[in-house]
Amino acid sequence: MSEKKKLVSAFAAYRSPPIAKNTQNGTKNAGKNVAAKNTNKNVAARNGNRNLATQNGVKQKGQAQENGSYSDAANSSSGEDDSSGSGSDSDSDISSGSETSHCSARSDDSLEEYTLNSHSSTASQSQSSPESLVNKRQSLKRRLDNELNGNPSGAKRTSSTPESPSTSAARVTLAGQQPKTSTSASNKRKSLPVATANAKSCPLPTKNKKASQAQPAVAPSCPLLSKKNALPVKVKPVASMPCSINIGLVKSENDVEPHRDNSIKEGERTLATLIAPMTMATFLSEHWEKEAFRVASTSPDRFCDLISFSMIDQMLLQNHVEYTTNIDVTSYEDGVRQTLNPDGRALPPSVWAHYRRGCSIRILNPSTYLEGLRQLCSKLQEFFHCLVGANVYLTPPESQGFAPHYDDIEAFVLQVEGKKRWRIYQPTKELPRVSSGNLSQAELGEPLMDIVLYPGDVLYFPRGWIHQALTEKNSHSLHITLSAYQQQSYANLMEKLMPLVVAGSVEQSLSLRKGLPLNIWKNLGVANDSLKGQQRQKMIQHIQNLAQRMVPTANQIDQALDQLAIRFQHEALPPTIGPAEMKRTVFGMRHTADENGRCSHGYKFTASTAVRLLRANIVRLTSDDGVLRCYYYTDNALEYCKYEPNFFELELSQATTIQILIHAYPDYVKIKDLPPMETHPNEYEDRLEFAEALWERGILMVEKPFKNQP
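Here's what I pulled together on the structure shown here. Since the structure is predicted, the reported quantities are computational estimates derived from the model, not experimental observations.

1. Comments concerning the overall build of the protein
Helix and strand counts for the protein come out as 15 helices and 22 strands. The proportion of buried residues among the 710 residues of the protein is 57%. For the protein, the exposed surface amounts to about 28,800 Å²; the carbon and sulfur share of it is 53%.

Structure follows, in structure tokens:
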């Protein structure tokens, strides 16, 4: 079979465009545009179109998801060869799936450098005072006025997410909002009926609203490379945690009750457990984006609950796992990397036959099927503020599945079973934005690290670090590669920001609107780059001066950052719900029916009911062309970007409520203390309805369980 130089992303490896099978992992399914394959599906219909905002007749625009800017993010991985989050081939391929969230990026040496370590993402915000509520509301109103009046606070754009013909944002209306039909068919899921202007797919239960408010209704493995020229290992192994890691049972800081915990701090504690005894401060200051390290474990079984040979076998039997989309068969022999995928479903006899012949098995989206691994990734994504992907690699003895390469993700390799020899090489480019192709052995030079990982060990290496991994004689290997921070650099922010800056500057600068000189074609361009004339130099200087005047405003920076945050809302794994949370959220609510089939529920919101966001990053408030939107990821699928981004539109008072809840997290806020709605400022009814609608959407959690919740 011919060698296939494709980036197999743990996020999505589509074989046919009509089928939206993007898988959420973090390896590199390069070359496959995930967003493009999630063709126009009407999320509002899937979400049941719960009307969450009161009386808002604003037209809800479906938003197109950009393909080009982060299609590689669907390829995130790192590892041996087809890197899982990056788009490179890597055993440590783990899909970060994340053109990830906010990570360190380096500016020029002369400028101050801000990194993941430069700010405390875990600092909790205190609950807003009544005075601050007024300020927040006025601040949002000023921003809306600026955008509607065309003030230079920021350039206008048609949607918060870059447009593309492939995907459109899903919209959900809030209580009392009347959805309007979109002008574009691309805003609807093809598989679901399109709601008409006056129709709701699933209206909220009737509220006690005033009448005036009512709305109408084969390949042998590659032998070990020669060790003659290999440098000795200079990595000092560090002892790991004395006990196995129980993902999902990590205690809250200071024994905080789970329903009061901060999800960002919980994610930080989870990462700290993986890299212990190294401290988080040491990791962020000395290793993050800078240097690889290995943690030698004294607890070989600490990852055994996440994945095993038998779990893979059961996963193949109980789920429709397909070659290329969900699983890859790979080999690397005599310097040639091959993908040997058959067509169709991957059932155990076929997969294990390839394994017995010496091929490596890579699972691209294991978190879709394995709850423990999904819980680990969902916790870490809160800390990193981006999708954390996972790939699983099973390699037979004396075999290598991937060619040497580097990835565009931060990789964490968790050795589960067996042992594997890793060689890490000097980066040829620091912090690259794109993964490499397959590299030859002649290009590598001497390794900086030549180590063997044993069960329980953890290996971290930054993006750009070249690596290859292979098993030794009489020992197989099973490992997980976690990937993070794919496409999460300052460069990605600038790509969103500069179009806004140019658009805003054009409105303010007459110089930018003037026509080009008639003789510019004779002085500039590749054909004229050798000219030394004065006219050419003047033109170049003038254009450079125009560019230097285009300085982004704070509003434009906010808008650009929100676009990156919307991508996270689109890519994120849905939250995993713990027992304490189950009692306080819609996910644990049970409905009953009497002997006549009348359905009822036992929850009732009052003015004294205290609520908070389910997760710190569960929502993102945005302002686009004067329209306030709230994006959320509770309704995301387990497969990568299977549906369009979920959002609903807001009135100003509702947006202020969302803003208060964001800043109050992780504290609870009583509904009576939320800002009054514009329609009935002296009554609690609209506030109750809005809070209840958010709770029914899975966005909020109540402080005290309702009586009939289990």
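2. Here we look at the nonpolar core
If you look at the biggest cluster of nonpolar residues, it comprises 92 residues, and the most contacted ones within it are Phe283, Phe384, Ile480 and Leu482. Ala411, Ile424, Leu459 and Trp465 belong to the second largest nonpolar core, which has 13 residues in total.

3. Digging into the pattern of salt bridges
Throughout the structure, instances matching the rule amount to 18 salt bridges. For Arg421, the salt bridge is made with Asp450, and the minimal N-O distance between the two is 2.9 Å. Here Asp450 lies in strand E11 (residues 449-453) and Arg421 lies in strand E10 (residues 420-425), a separation of 29 residues in the sequence. Its relative accessible area of 2% is what places Arg421 among the buried residues. A residue is classified by how much of its surface remains accessible, and Asp450, at 10% relative accessible area, is buried. Of the charged contacts in the structure, one is a salt bridge between Arg697 and Asp635, with a shortest N-O distance of 3.1 Å. Taken as a pair, Arg697 in the loop between helix H15 (685-696) and strand E22 (700-702) and Asp635 in the loop between strand E19 (627-632) and strand E20 (646-650) lie far apart in primary sequence, 62 residues in all. A single network of salt bridges, built from pairs that share partners, joins Glu257, Arg260 and Glu703.

4. Some words on the packing of aromatic side chains
Under the definition given, this model contains 26 aromatic pairs. With 6.2 Å between their ring centres and 75° between their planes, Phe384 and Tyr485 make a pair best called edge-to-face. With Phe384 in helix H8 (residues 371-384) and Tyr485 in the loop between strand E14 (477-484) and helix H9 (490-508), this residue pair connects regions lying 101 residues apart in the sequence. Tyr485 carries the same exposure label as Phe384, and that label is buried. Ring geometry for Tyr632 and Phe648: centres 5.6 Å apart, planes at 40°, overall tilted. Of the two residues, Tyr632 is situated in strand E19 and Phe648 in strand E20; the sequence distance between them amounts to 16 residues. Of the two residues, Tyr632 and Phe648, both sit in the buried class. Through successive ring pairs, a cluster of aromatic residues spans Phe283, Trp288, Phe293, Phe383, Phe384, Phe412, Tyr460 and Tyr485.

5. Focus: H15
With 12 residues, H15 ought to run about 16 Å at 1.5 Å a step, and its terminal C-alpha atoms sit 16 Å apart, in line with that. Within H15, 11 of the 12 residues are buried, which leaves it mostly tucked inside the rest of the structure. For H15, every residue scored as buried is listed here: Asp686, Arg687, Leu688, Glu689, Phe690, Ala691, Glu692, Ala693, Leu694, Trp695 and Glu696. In this structure, the buried side of H15 is in contact with E20, helix H14 (652-664) and E22. Gly698, located one to two residues past H15, shows a positive phi value of around 85°.

6. Focus on the sheet that holds strand E9 (residues 410-418)
Through backbone hydrogen bonds, the strands of a sheet pair up, either in parallel or in antiparallel fashion. The 8 strands lie next to each other as E4-E12-E9-E14-E8-E7-E5-E6, forming an open sheet whose pairing is antiparallel. Single-partner strands in this sheet number two, and they are strand E4 (293-295) and strand E6 (336-339). Along the sheet, successive strands turn relative to each other by an average axial angle of 20°, direction set aside. Looking at chain direction, strand E5 (residues 327-333) and E6 are connected through 4 bridges and run antiparallel.

7. Thoughts on the side chain of Asp450
One polar contact links Asp450 to Arg421, side chain to side chain, over a distance of 2.9 Å. In terms of polar contacts, Asp450 uses its side chain to reach the side chain of Arg423, at 3.3 Å.

8. Brief notes about unusual backbone geometry
Between Ala276 and the following residue, Pro277, the backbone shows a cis peptide bond with an omega angle of 10°. Along the chain, Pro277 falls in the loop between helix H4 (263-275) and helix H5 (280-287). For the bond from Tyr665 to Pro666, the omega torsion is 10°, close enough to zero to count as cis. Within the secondary structure layout, Pro666 lies in the loop between H14 and strand E21 (669-670). One non-glycine residue, Tyr485, lies in positive phi territory at about 65°.

9. Observations regarding the side chain of Gln468
Within the element layout of this structure, Gln468 appears in strand E13 (residues 466-470). Under the relative-accessibility criterion, Gln468 is labelled buried at 0%. Side-chain polar atoms of Gln468 contact the side chain of Gln400, separated by 3.1 Å. Polar contacts involving the side chain of Gln468 include one to the side chain of Tyr425, which spans 2.9 Å.

10. Description of helix H11 (residues 534-548)
With 15 residues, H11 should reach 21 Å at 1.5 Å per residue; the first-to-last C-alpha distance of 21 Å fits that figure. Taken together, the buried positions of H11 are occupied by Arg536, Met539 and Leu546. The buried residues of H11 all sit within an arc of 95° when viewed along its axis, so they share a single face. Exposed side of H11, more than 90 degrees from the buried face: Gln534, Lys538 and Gln548 are the residues found there.

11. Description of the pairing of E20
Across the 5 residues that make up E20, a large majority, 5, are buried. Burial of E20 is two-sided: the residues Asn646, Phe648 and Leu650 facing one way and the residues Phe647 and Glu649 facing the other way are all buried. Where E19 and E20 come together, 5 bridges link them in antiparallel fashion. When the bridges of E20 are listed, Tyr632 appears paired with Asn646.

12. Focus on the sheet that holds E21
If you trace the 3 strands from one edge of the open sheet to the other, you get E21-E17-E22, paired in antiparallel fashion. In the strand order of this sheet, the two ends are held by E21 and E22, each with one partner. Both strand E17 (residues 610-613) and E21 contribute to a ladder of 2 bridges, which runs antiparallel. Bridge pairing links Ala610 to Lys670 in E21.

13. Observations regarding the environment of Glu443
If you trace the backbone, Glu443 turns up in the loop between E10 and E11. Taking C-alpha positions, Glu443 is 9.4 Å from Pro404, a pair spaced 39 residues apart along the chain. Here the side chain of Glu443 touches Ser440 through a polar contact of 2.8 Å, landing on its backbone nitrogen.

Rules used in this analysis
- Residues numbered from 1 in each chain as written.
- Predicted model: local features only at pLDDT ≥ 70, side-chain atom pairs only at ≥ 80, totals over all residues.
- Heavy atoms only, no water.
- Helix = DSSP H or I, 4+ residues; strand = E, 2+ residues; numbered from the N terminus.
- Buried < 20%, exposed > 50% of the residue type's maximum accessible area, 1.4 Å probe, protein only.
- Areas by Shrake-Rupley, 256 points an atom, 1.4 Å probe, with all protein chains shown as cover.
- Core = buried A, V, L, I, M, F, W, Y, C linked by side-chain atoms within 4.5 Å.
- Salt bridge = Lys/Arg side-chain N within 4 Å of Asp/Glu carboxyl O.
- Phe/Tyr/Trp six-rings, centres within 6.5 Å; stacked < 30°, edge-to-face > 60°.
- Expected span 1.5 Å × (residues − 1).
- Contact = heavy atoms within 4.5 Å.
- Pairing = 2+ DSSP bridges.
- Axes fitted to C-alpha atoms, helices over the stretch in contact; angles between N-to-C directions.
- Polar contact = N/O pair within 3.5 Å; in protein donor to acceptor, adjacent residues only side chain to side chain.
- Arc of directions from axis to C-beta.

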